[in-house]
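Coordinates in review
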Amino acid sequence: ENLFLSGLTAMEKKLAEYKCNTNEAIQLKLVRFPEDLEDENTTFNPEYSHQVFGDDEVAFGYKGLKILLYYIAGNLSTLFRIEYASKVNEKFDCVEADDVESKIREIIPPGFCTNTDDFVSLLEKEVNFKPFGMLLHTYSIHNEEAGEDITYQIYKADMTCPGFREYHERLQTFLMWFIETASFIDVDDERWNYFLVFEKYNKDGATLFATVGYMTVYNYYVYPDKTRPRVSQMLILPPFQGEGHGAQLLETVHRYYMSSPTVLDITAEDPSENYVKLRDFVLVKLCQDLLCFSPVKLMQGFSQEMVTEAQQKLKINKQHTRRVYEILRLRATNMGDAEQSRSYRLDVKRRLIGPYKKKQRELAKMRRCLRPEEMTNQLNQIDLNLQREQLEESFQQLVSDYRRVLERLAQA
C-alpha cells in the first residue's frame, strides 16, 4: 500500500508540473510592424480566462504552454498558435491533455492564420483598412514617449457597413479576456449601436488606423415613441488604458444621443466600479455649467429642476443626476465649516438610508403577519448602532470617490 501511495505522490508531482496558468499562457498582441512580433513589450495578457478555461484558470497537460493570439492592429486579422516544451502522453502517462485548441476555437471566428508568414503578408495589406461607419469625434492626446500629439477618432458603425460584422466578431473576443462576466451579443438585433475608437498612425508615409476600444449600446423602446439607450459593453484595450479614451468615448456617445429628440435618457447594464467612476466624471463635466447646478441652487438641495434639465438637455437619468448633484455640491461645500459639512452629510445619508428604511418596512409587515412566538430576536432588533456604522462607512467611501472625480475634473 505504501509503495502504491508513494508512487501516487510521485505521479501527482509529475502531473502538477503539467499545469499552466492560462492568464499567463495566453499572449496577446496588437501588431503594427513586423518587428512587433519579436518585441516582448508589445505583449499583454488577459485579466480573466475563467469563461474559457474554468474557474481555476488552468490548462492541464503541457509544460511551458504558450497560447499566441496576435491581432493586426486595425482590422484585427488573427494569428493563433499553440507552443509548448512538452505534453503528457496518453499511452505513457495514462492521462489526456486538455484540448486547448478547441477551447480557443470556440471563441475566435474561423479564418485565422496559423503561421507567421501568412500573418506578415496580411500585415502588408493593412494600409487598405479604414474605420467603419460615421465619424463622430476627433481628439488628440499628447504622448510623452513619442514626444508628439497622437490623433484619435470615434466612429458609429452598424451591421450594414461592409466587413463590419466579421470585424466585430474578432473584436468581441477581447471581452472574454478583460470583462469578468462577458457575453457575446446577438448582432442580428438591429437595436444595437456600435461606437469604435481608432488611433491614426504613420507607416512608410501612409496613414493607418489602429483599434483602441469600443462600446455597444442597446436601444430599448419606451412607450409610446421614445428610446432609452443602455450601455452594455465597454472596453478600452489594455495598451491604451489610462489615457482618457473611456471618458472621450462615453462623452461622445452621450453627445450623439443628446441630439436625438426621441431619446429619453441613457442607462447602463450592471456597471462595474470603474465604469461608475468614469461615468461620474463625464456626467459632472457635462452638467457643471447648467444653471440648475449653480452653487446657490446646490446649497438649496436636490430639486426637480435638476432632474428635468439634466434629462432634457443631456439625456441623464434621475438616479445619475442625483450623484452629479452630490459631487457638485461637495465641490461647493466648505467641509471645514461645521454647519455646511453637517448639512451635506445629512443630505447624502438621507439618500443612503433609503434601502435600510425599506427593509424595516418589510420587517414591520412581517411582524404583523407572524405570531409573537415565531418572531426571532434577530428580526426584532435591527441593531441601530450597526446601521449607523454602516451608513457612516458608506458615506466616507462615497466622499472619497467623489473627491477623486473632482480632482480629475480640476485637471481636465
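Per chain, the residues get numbers from 1 upward, laid out in the order the sequence is written. Given that this is a predicted model, residues contribute local features only at a pLDDT of at least 70 and side-chain atom pairs are listed and counted only at 80 or more, while totals for whole chains, interfaces and linings are drawn from all residues. The basis for every side-chain value is the complete set of non-hydrogen atoms in the structure, without hydrogens or water.

**Examining the UniProt feature "site: Interaction with histone H4 N-terminus" (unreviewed entry) in the chain**
- UniProt positions are given in the numbering used here, feature names are shortened, and annotations may be inferred rather than shown by experiment. When the UniProt feature table is mapped onto this chain, "site: Interaction with histone H4 N-terminus" (unreviewed entry) is found at Trp192.
- Each helix is a run of H or I in the DSSP string that is no shorter than four residues. Each strand is a run of E no shorter than two, and both are numbered from the N terminus. Mapped onto the elements of the fold, Trp192 is located in strand β11 (residues 192-203).
- Once residues within four sequence positions are removed from consideration, Trp192 is found in contact with Ile185, Asp186, Thr216, Val217, Tyr218 and Ser232. Any pair of residues with heavy atoms lying within 4.5 Å of one another is described as a contacting pair.

**Focus on the nonpolar core**
- Each nonpolar core is a collection of buried residues, namely Ala, Val, Leu, Ile, Met, Phe, Trp, Tyr and Cys, held together in the definition by side-chain atoms within 4.5 Å. For each residue, the accessible area found with a 1.4 Å probe, counting protein chains only, is set against the maximum for its type, and the residue is called buried under 20%, exposed over 50%, and partly exposed in between. Membership of the largest hydrophobic core comes to 106 residues, with the highest contact counts inside it found for Trp177 and Phe293.
- Delimitation of the domains relies on an automatic or database domain assignment. In terms of domain composition, this core takes at least three residues from each of domain 1 (14-126) and domain 2 (130-331).
- In contact with Phe293, not counting residues within four places along its chain, are Cys287, Leu298, Met306, Thr321, Val324, Tyr325 and Leu328.
- If you look at the next biggest cluster of nonpolar residues, it comprises nine residues, including Leu68, Ile72, Cys113 and Leu123.

**Overview of the sheet that holds strand β12 (residues 206-222)**
- Two strands pair if DSSP finds at least two bridges between them. Here we have six strands laid out as an open sheet, ordered β9-β10-β11-β12-β13-β14, and mixed in their pairing. Edge positions in the sheet fall to β9 (134-143) and β14 (267-268), since each of these pairs with one other strand and no more.
- For strand β10 (residues 148-157) and β11, the ladder comprises six bridges, and the chain directions are antiparallel. Paired with Gln153 across the two strands is Phe198, which belongs to β11.

**A short note on a positive patch on the surface**
- A grouping of Arg350, Lys357, Arg361, Lys365 and Arg368 is seen on the molecular surface, where their side chains present a positively charged patch.
- For the positive patch, the element with the highest residue contribution is helix α15 (residues 354-369), accounting for four residues. Patches here: salt-bridge-free residues with over 30% relative accessible area, like charges joined within 9 Å, nonpolar side chains (Val, Leu, Ile, Met, Phe, Trp, Tyr) joined within 5 Å. Working definition of accessibility: Shrake-Rupley area with a 1.4 Å probe, residue cover restricted to the visible protein chains. We define a salt bridge as a side-chain nitrogen of Lys or Arg found within 4 Å of a carboxyl oxygen belonging to Asp or Glu. Under the convention used here, Asp and Glu are negative, Lys and Arg are positive, and both His and the chain ends fall outside the count. We put the charge of a Lys on NZ, of an Arg on CZ, of an Asp on CG and of a Glu on CD.

**Structural notes on the pairing of strand β13 (residues 226-236)**
- Bridging between β12 and β13 involves ten bridges; their strand directions are antiparallel. What sits directly across from Tyr214, in β13, is Leu235.
- Two elements, β13 and β14, share two bridges in a ladder whose sense is parallel. Its bridge partner being in β14, Arg230 is matched across the sheet by Thr267.
- A clockwise path from the first strand over the helix to the second, with the strands pointing away from the viewer, defines a right-handed crossover. Taking the sense of rotation as the criterion, the β-α-β connection linking β13, helix α9 (residues 245-258) and β14 turns out right-handed.

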